[in-house]
Every structure is written in structure tokens, then in C-alpha cells.
Amino acid sequence: SFPQGSQSPPEVDHVLMIFVLSAVHPCECAAFMRSVCEALRPGGCILFRDYGLYDMTMLRFPASQKLEKQLYTRHDGTISRIFTTEDMATICEEAGLILTECSYC
């Protein structure tokens, strides 16, 4: 059977997200990750790279662009979220995913 709400079967084994999740509003992250999973075949894997705590991007944001803890606005109105490894564990848990590795590089 297809994932709930899907019109077609999952088609990929891996999803690569580079600086994608940081642009998703915090309250929408789990739902976003669940929708990404709809494209994955059983046993598939999501690989990502995003902004981490004390990343140079975070350190360069002026205080005037801080919306809340670890959430900033860019000049074009988009947001940038800075993640901790704990944040990612929570997002994955809320989305029903199994987190196998998460570290700062």
C-alpha cells in the first residue's frame, strides 16, 4: 500500500537535503520530514547537512535578526534555524524516524 495521502509508490532509496531543514519553520519540521519520508522506499535514508550550534552562519547574524533562540530572519524574509544534535533527535522522533547518526562536523 502507498503512504497515506500518496498517489504513487515511494520511488527513492535516499534523500539528500543540504541547508533545507533550516528554512522550514520549527513547528512544521516534523510534518515536513514525514512528507519527505513518503518519497522513500522502505529502509530508505535521509541524509542532511544544515546549520549547527555556533556555526559561522549563526555567529554572523546580528542581534537585530534574531527572532527567538536559534531562529533568525534573513534580509529576504526567509528564516534560518540553527540546530543542536538534540533538536534533530526530537524532530526525527516526532516524525517517526529512527536517527542513526547525528554529529557536528
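Heads up: the structure comes first, above all this text.
Cut-offs and rules
- Residues numbered from 1 in each chain as written.
- Predicted model: local features only at pLDDT ≥ 70, side-chain atom pairs only at ≥ 80, totals over all residues.
- Heavy atoms only, no water.
- Pairing = 2+ DSSP bridges.
- Helix = DSSP H or I, 4+ residues; strand = E, 2+ residues; numbered from the N terminus.
- Axes fitted to C-alpha atoms, helices over the stretch in contact; angles between N-to-C directions.
- Right-handed = clockwise from strand over helix to strand, strands pointing away.
- Buried < 20%, exposed > 50% of the residue type's maximum accessible area, 1.4 Å probe, protein only.
- Salt bridge = Lys/Arg side-chain N within 4 Å of Asp/Glu carboxyl O.

Novice: What exactly am I supposed to notice about the sheet that holds strand β5 (residues 79-81) here?
Specialist: Strands belonging to one sheet form pairs held by backbone hydrogen bonds; the direction of such a pair is parallel or antiparallel. Reading across the sheet, the three strands line up as β3-β4-β5 and stay open at both edges, with antiparallel pairing between neighbours. Across the chains shown, the open sheet's two edge strands, defined by having one partner strand only, are β3 (66-68) and β5. Across the sheet, the mean angle separating the axes of adjacent strands is 30° when strand polarity is ignored. Two elements, β3 and strand β4 (residues 71-73), share two bridges in a ladder whose sense is antiparallel. Opposite E68, over in β4, you have L71 as the bridge partner.

Novice: I tried to follow the pairing of strand β2 (residues 40-49) on my own but got confused; where do I start?
Specialist: The side chains of a regular strand alternate between both faces of the sheet. The pairing of strand β1 (residues 12-18) with β2 spans six bridges and is parallel. Considered in β2, the bridge of I18 is made with R49. In this view, the connection linking β1 to its parallel neighbour β2 by way of helix α1 (residues 29-37) has right-handed handedness.

Novice: When you look at unusual backbone geometry in this model, what are you seeing that I'm missing?
Specialist: A negative phi angle is the norm for most residues apart from glycine, just as the trans form is the norm for most peptide bonds. One non-glycine residue, F19, lies in positive phi territory at about 55°. By secondary structure assignment, the location of F19 is in the loop between β1 and α1. Using a relative accessible area of 34% as the deciding quantity, one classes F19 as partly exposed. Residues other than glycine seldom take positive phi values, yet Q70 does so here, at roughly 65°. Note on placement: Q70 falls in the loop between β3 and β4. Judged by relative accessible area, which is 11%, Q70 ranks as buried.

Novice: Help me understand the environment of G96 in this model?
Specialist: Mapping G96 onto the fold places it in the segment after α3 (85-94). Using a relative accessible area of 63% as the deciding quantity, one classes G96 as exposed. In sequence terms G96 and R34 are 62 residues apart; their C-alpha atoms lie 7.6 Å from each other.

Novice: Got a minute to help me understand the pattern of salt bridges in this structure?
Specialist: Where charged atoms from two side chains of opposite charge come close, those side chains can pair. One pass over the full model with this rule turns up two salt bridges. In this structure, the salt-bridge partner of R41 is D13, at a minimum N-O distance of 3.3 Å. Remark: D13 occurs in strand β1 and R41 occurs in strand β2; sequence separation between them is 28 residues. A relative accessible area of 36% places R41 in the partly exposed class.

Novice: It is not clear to me how the environment of E28 should be interpreted in this structure. Could you clarify?
Specialist: With respect to the helices, strands and loops of the structure, E28 is situated in the loop between β1 and α1. Taking the C-alpha atoms as reference, E28 lies 9.7 Å from I91; in sequence the two are 63 residues apart.

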